[in-house]
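# Residue-level structural notes
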Amino acid sequence: MTDEEEKAANKFEKLRREAEEKLNEAIESTGGVSNENAPGIKGLLHELQVHQVELELQNEELRETRTRLRKMKEKYVDLYHSAPISYLTLNEKGEVLDANLTAAKKFQTQKEHLIGEDLHSYVVEEGKDILYKHLRKVFREEKPRSCELTVEPGADASTPEGDGGSSEEEFHGL
């Protein structure tokens, strides 16, 4: 069981205990079961049982959905990291949040060194303002845009397979 699943199970148990306490309080507040209120309590009990079954079905559906989402995420991550073209995930300041191996090779650095770096440091001086404006538009309008930038390898040229020199790259912001 993963940490997420364990937290969800603990939360469910806590909710169940709270529901049981409230039910016991409701029964006590009515003065117990008597012939006068027995039909109302039986109806309430039936409604609670139906609601419990509904919640159990919803919980199972949520588990299945979480499993499907986890599998989809794994496929996306594999596709992202093994793509033959460079992929960078940036925040609105231009910091690299994630990168694939192809991007690391293009920037002549290790992937671990690229993450956390400011993409502006890899863009030639004339393109820094273009990148800044591009990122502002992308994050403000939240629609796909593109711009062309000239990039150059960073100071860490420790990747032996690097091409060397500057290269013109098209940058797509999604």
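For the structure, check the block above.
The notes below deal with the structure included here. This structure is a prediction, so every number in the text was calculated from the model and none was measured. (Residues numbered from 1 in each chain as written. Predicted model: local features only at pLDDT ≥ 70, side-chain atom pairs only at ≥ 80, totals over all residues. Heavy atoms only, no water.)

### Here's the deal with the overall build of the chain
When its secondary structure is counted, the chain shows 5 helices and 4 strands. Within the chain, the fraction of its 174 residues that count as buried is 20%. Pairs at least 24 residues apart make up 45% of the contacts formed inside the chain by residues separated by at least 6 positions. (Helix = DSSP H or I, 4+ residues; strand = E, 2+ residues; numbered from the N terminus. Buried < 20%, exposed > 50% of the residue type's maximum accessible area, 1.4 Å probe, protein only. Contact = heavy atoms within 4.5 Å.)

### Digging into the pairing of strand β2 (residues 96-99)
Sheet topology note: the strand β1 (residues 88-90)/β2 ladder contains 3 bridges and is antiparallel. Pairing of leucine 88 across the sheet is with alanine 99, part of β2. Between β1 and β2, which pair antiparallel one after the other, the connecting turn spans 5 residues, and glycine 94 there sits at a positive phi close to 95°. (Pairing = 2+ DSSP bridges.)

### So, the nonpolar core
Ranked by internal contacts, the top residues of the largest apolar core, which has 14 residues, are Phe107, Leu114, Leu119, Val123 and Leu131. Counting residues per element, the ones that place at least two in this core are β2, α5 (125-141) and β3 (145-151). The greatest single-element share of this core, amounting to 3 residues, is contributed by β3. (Core = buried A, V, L, I, M, F, W, Y, C linked by side-chain atoms within 4.5 Å.)

### Focus on unusual backbone geometry
Even without being glycine, glutamine 108 reaches a positive phi, approximately 55°. If you trace the backbone, glutamine 108 turns up in the loop between α3 (101-106) and α4 (111-114).

### Here we look at the packing of aromatic side chains
Under the counting rule described, the total for this entry stands at 3 aromatic pairs. A ring pair is formed by tyrosine 76 and tyrosine 80, whose centres lie 5.9 Å apart and whose planes are at 45°; its orientation type is tilted. Taken together, the residues tyrosine 76 and tyrosine 80, both in helix α2 (residues 38-82) and 4 residues apart, mark about one turn of the helix. The class for tyrosine 80 is buried, based on a relative accessible area of 6%. Aromatic side chains tyrosine 80 and tyrosine 87 sit 5.5 Å apart centroid to centroid with 15° between the ring planes, which places their arrangement in the stacked category. The class of tyrosine 87 is partly exposed, set by a relative accessible area of 34%. (Phe/Tyr/Trp six-rings, centres within 6.5 Å; stacked < 30°, edge-to-face > 60°.)

### Topic: the pattern of salt bridges
For the structure shown, the criterion picks out 3 salt bridges. For arginine 63, the salt bridge identified is with glutamate 60, shortest N-O distance 3.1 Å. Here the residue arginine 63 and the residue glutamate 60 both occupy positions in helix α2, the gap between them amounting to 3 residues, near one helical turn. We classify glutamate 60 as partly exposed; its relative accessible area is 36%. Linking arginine 145 and glutamate 141 is a salt bridge whose minimum nitrogen-to-oxygen distance equals 2.4 Å. Overall, arginine 145 belongs to the partly exposed group, its relative accessible area being 27%. Here glutamate 141 falls in the partly exposed class, since its relative accessible area comes to 35%. (Salt bridge = Lys/Arg side-chain N within 4 Å of Asp/Glu carboxyl O.)

Everything listed here is a matter of geometry and, on its own, says nothing about what the molecule does.
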